[in-house]
Amino acid sequence: ARTKKKKTKFSNTISGALYMEKYNLSGSPCTYFFQRELVIKKDIKFPTNIFHEDEEFNTILHYHAQTLIDSNAVLYSYCIRNGSTTANKSEEFENKRIADLIHIVERVHLFAQANRDKANAIQARGITHKLDMLTVDAILNMMYHGMSAKQITEKCKEKFAPLALYPLRKASYSLKYRIFRTLANSRVGMAILRLIIPSKKPAKK
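This write-up is about the structure you can find in this document.

Reading the values: the criteria
Residue positions are given per chain, counting from 1 as you read along its sequence in written order. Only residues with pLDDT of at least 70 are given local features in this predicted model, and only at 80 or more are side-chain atom pairs given and counted; all residues enter the totals for whole chains, interfaces and linings. Neither water nor hydrogens contribute to the side-chain values; these are computed over all heavy atoms in the structure. A run of H or I in DSSP becomes a helix once it reaches four residues, and a run of E becomes a strand once it reaches two; helices and strands are each numbered from the N terminus. Burial status follows relative accessibility: with a 1.4 Å probe on protein chains alone, a residue under 20% of its type maximum counts as buried, one over 50% as exposed, and anything between as partly exposed. The contact criterion used is simple: two residues touch if any of their non-hydrogen atoms lie within 4.5 Å. A 1.4 Å probe and the Shrake-Rupley method give the accessible areas. Residues count as covered only by the protein chains that appear here. The rule for a salt bridge is simple: a side-chain nitrogen of Lys or Arg has to be within 4 Å of a carboxyl oxygen of Asp or Glu. Distance thresholds for patches are 9 Å for like charges and 5 Å for nonpolar side chains (Val, Leu, Ile, Met, Phe, Trp, Tyr), applied to residues having over 30% relative accessible area and no salt bridge.

### Focus on the overall build of the protein chain
Consideration 1: Assigned secondary structure in the protein chain consists of eight helices and zero strands.
Consideration 2: What you see in the protein chain, going N to C, is helices and strands ordered as α-α-α-α-α-α-α-α.
Consideration 3: By residue count, 39% of the 205 residues in the protein chain fall in the buried class.
Consideration 4: Pairs at least 24 apart in sequence give 72% of the contacts found in the protein chain among residues at least 6 apart.
Consideration 5: For the protein chain, the accessible surface area stands at approximately 13,700 Å², while carbon and sulfur atoms represent 54% of it.

### Overview of the pattern of salt bridges
Consideration 1: Here the structure, examined in full by the defined rule, presents nine salt bridges.
Consideration 2: Among the ionic pairs, lysine 130 bridges to glutamate 55, the shortest N-O distance being 2.8 Å. Remark: glutamate 55 occurs in helix 3 (residues 53-64) and lysine 130 occurs in helix 5 (residues 121-144); sequence separation between them is 75 residues. Accessibility classification places lysine 130 together with glutamate 55 in one group, the buried group.

### Topic: a nonpolar patch on the surface
Consideration 1: A surface patch of nonpolar side chains, about 430 Å² in accessible area, is lined by Val188, Ile192, Leu195 and Ile196.
Consideration 2: Turning to its location among the elements, isoleucine 196 is positioned in helix 8 (residues 187-196).
Consideration 3: Residue classification places isoleucine 196 among the exposed residues on the basis of a relative accessible area of 59%.

As structure tokens, then:
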């Protein structure tokens, strides 16, 4: 019997910046098709010799994209293999990965500041949302790495406070964010989060 193929659905189009404002933008470039001309015109490049480089690339790409179409088409399969970068759990690797994620936050913040006067309201809100989510992601990764609540708080004050990203911004992105923000912004709350969140990142299912 012939199997009837499901018709791929496409949503209404919105700008990349509006998508960033409304949703937690995925960092994986494998989930997007994008116009080569836009990347060349805006000189968007992956930073080299650094982990999490895709977070910067995708953020700047969506910041500039005027049209984005969301589709449920299955175009990418995730392969987990021994010896891959993501499978590396050495202390040296984890330290560099966290340091690089913090550096990416700094780089995206620098981009936002450099384009502040040219950004429209949607672009400004979109990149602000992304920066807040990157900061949350950095805190979570420090917890997965086994850092103590005190160490994480000190790192946030050292790296994110000068960028006005910590304490975490008061925003109504989601209930989950509001709870996380309330806890992460206090010494006692960070300790509570540290007890709740495991020292090892949950495996993908």
